[in-house]
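# Secondary and tertiary structure notes
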Amino acid sequence: MTKRALITGITGQDGSYLAELLLEKGYEVHGLVRRSSSFNRGRIDPIYLDPANQGRLTLHYGDMTDSTSLINVVRESRPDEVYNLAAQSHVAVSFEMPEYTASADAMGAIRLLEALRQNAPEARFYQASTSEMFGLTPPPQHEDTHFHPRSPYGAAKLHAHWATINYREAYDLYAVSGILFNHESPRRGESFVTRKITRAVAAITAGRATSVTLGNLDAVRDWGYAKEYVEGMWRMLQQDVPGDYVLATGVGTTVRDFAEMAFSHVGLDWREHVETDARFERPSEVPELLGDASRAAAELGWKATTTVRQLAGLMVDTDIALLQG
Ligand code: NAP
Ligand code: F7E
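Residues numbered from 1 in each chain as written. Chains lettered and ligands numbered in written order. Predicted model: local features only at pLDDT ≥ 70, side-chain atom pairs only at ≥ 80, totals over all residues. Heavy atoms only, no water.

Attention shifts here to the domain arrangement of the protein. Partitioning the protein into domains gives domain 1 (4–183 + 223–247) and domain 2 (189–221 + 251–289 + 302–324). The interface is formed by 26 residues belonging to domain 1 together with 26 residues belonging to domain 2. Roughly 2300 Å² of surface becomes buried between domain 1 and domain 2 when both sides are summed, with 63% attributable to carbon and sulfur atoms. Where domain 1 touches domain 2, the interface holds 1 salt bridge. Measuring nitrogen to oxygen at the nearest pair gives 3.8 Å for the salt bridge that ties R221 to E132. Put simply, domain 1 and domain 2 have 7 residue pairs in polar contact (both at pLDDT 80 or more) between them. Contributions of two or more residues to the side of domain 1 that touches domain 2 are made by α4 (91–96), β10 (224–225) and α8 (226–236). The dominant element in the side of domain 1 that touches domain 2, judged by the number of residues it contributes, is α8, at 5 residues. The residue makeup of the side of domain 1 that touches domain 2, split by class, is 11 nonpolar, 9 polar and 6 charged. (Domains from an automatic or database assignment. Contact = heavy atoms within 4.5 Å. Buried area = accessible area lost by both parts, 1.4 Å probe. Salt bridge = Lys/Arg side-chain N within 4 Å of Asp/Glu carboxyl O. Polar contact = N/O pair within 3.5 Å; in protein donor to acceptor, adjacent residues only side chain to side chain. Helix = DSSP H or I, 4+ residues; strand = E, 2+ residues; numbered from the N terminus. Nonpolar A, V, L, I, M, F, W, Y, C, P; charged D, E, K, R; others polar.)

Below, the structure is given as structure tokens:
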């Protein structure tokens with residue numbers, strides 16, 4: 001029997017990698033997309049337009065803030081597995097739009113869980129939780145670490161995390177929360193710090209810019225490669241018993257050191273090109289995220305393999321190629 005998967009956030013970085021992975025595994029994939037006045041499907045066009053995927057990848061209009069569309073998409077796609085990746089995912093933006101962020105990221109998960117409970121209770125549910133929920137708690141962070149979110153985004157995701165656990169305990173839904181640390185790729189949104197830096201390196205190399213302006217250079221993040229993380233999401237839904245897992249590399253790097261890695265990849269000295277401005281700092285920052293993914297290694301057989309330096313190099317190379325057309 002062909003398995004059916006529903007992915008919310010299929011047009012995002014992770015959604016596009018996950019859709020590719022599931023199609024490779026023989027799944028029929030359904031994706032939720034937002035109506036937009038301009039095309040927002042650039043990341044999935046290569047698979048959507050591929051004749052080999054005709055009839056195997058179906059897109060449905062909907063929005064995490066609209067229950068009706070979520071109920072409809074669940075009824076139409078009749079999924080075996082649901083990956084809830086849709087979110088207002090930018091931490092800095094969440095300070096400007098706290099109410100919308102809560103609606104899309106916290107209430108959105110509840111709307112979808114409720115749609116499943118009432119229409120497809122046998123479906124397995126994956127919630128895209130985040131290391132931002134740990135916030136101020138010192139590293140290393142793992143599944144049993146105390147949460148202390150530092151942004152409207154982190155707080156909304158924590159609400160969704162506990163809602164996922166509650167639907168598992170209260171209604172016996174197969175629902176899991178994947179607590180993923182930062183993961184990046186050439187498909188990363190342009191305003192996240194890694195991609196902002198690698199795009200700047202490409203522009204400076206091409207003579208189109210001379211500098212890039214950043215905020216807090218001291219923040220430490222645990223950066224892995226997104227393509228490897230979607231494999232971990234899938235593995236979480238293949239276990240006999242549902243549980244929550246951290247995915248991380250276990251290596252912490254400052255924003256400053258990431259800049260050094262990206263600039264030195266093309267022989268440039270980051271200190272000559274990076275400026276700072278307080279306008280890119282957050283009202284409350286998360287100083288240090290560094291994950292302990294031992295449970296995922298032991299129970300899922302999952303381990304990150306791409307190093308942060310390799311990641312910086314591959315993102316710079318892709319951004320240079322993109323600029324060259
Ligand atoms: P992303 O690139 O920002 O993608 C977010 C996706 O959600 C996009 O497809 C976006 O649609 C969609 N979306 C946003 N608001 C929506 C709404 N109201 N209704 C329907 N769809 C909506 O994020 P990502 O990096 O792939 O991350 C995937 C998920 O993992 C997110 O939930 C994120 O919060 C979480 N997460 C990410 C990381 C990370 O380091 N990447 C770490 C931990 C957790 P458009 O394309 O139309 O904007
Ligand atoms: O910031 C600092 C910033 O926006 C990383 C999302 O995927 O991962 C992501 O959230 C760090 C922060 O990612 C700039 O202050 C300095 O300390 O790339 P970011 P994030 O906030 O860690 C988590 C796990 C998620 O779940 C989120 O969805 O870099 N920083 N200067 C900057 N950040 C940005 N964006 N821009 C700067 O100029």
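Let us look at the sheet that holds strand β5 (residues 124–130). Ordered by their spatial adjacency, 7 strands build an open sheet running β3-β2-β1-β4-β5-β6-β11, and the pairing between neighbours is parallel. The open sheet has two edge strands with one neighbour each: β3 (57–61) and β11 (245–247). With strand direction ignored, the average angle separating the axes of adjacent strands in the sheet is 20 degrees. Where strand β4 (residues 81–84) meets β5, 4 bridges bridge the pair, whose relative direction is parallel. (Pairing = 2+ DSSP bridges. Axes fitted to C-alpha atoms, helices over the stretch in contact; angles between N-to-C directions.)

Okay, unusual backbone geometry next. In this chain, P139 is followed by P140 through a cis amide linkage whose omega measures -5 degrees. Tracing the backbone shows P140 in the loop between β5 and α6 (152–171). At R78, a residue that is not glycine, the phi angle is positive and equals roughly 40 degrees. The residue R78 is located in the loop between α3 (67–77) and β4 in this model.

Near ligand 2 you find 22 residues, and of these S89, T130, K196, R282 and E285 are the closest. Measuring from an oxygen atom of ligand 2, one finds a side-chain N or O atom of T130 at 2.7 Å. Contact distances for ligand 2 include 2.8 Å between an oxygen atom and a side-chain N or O atom of R221. For ligand 2, whose free accessible area comes to 690 Å², the fraction covered by protein is 95%. Each residue belonging to the shell around ligand 2 can be placed in one class, and the counts come to 8 nonpolar, 8 polar and 6 charged. Counting contributing residues per domain, the shell around ligand 2 is built from domain 1 (4–183 + 223–247) and domain 2 (189–221 + 251–289 + 302–324), each supplying no fewer than three. (Near = heavy atom within 4 Å. Areas by Shrake-Rupley, 256 points an atom, 1.4 Å probe, with all protein chains shown as cover.)

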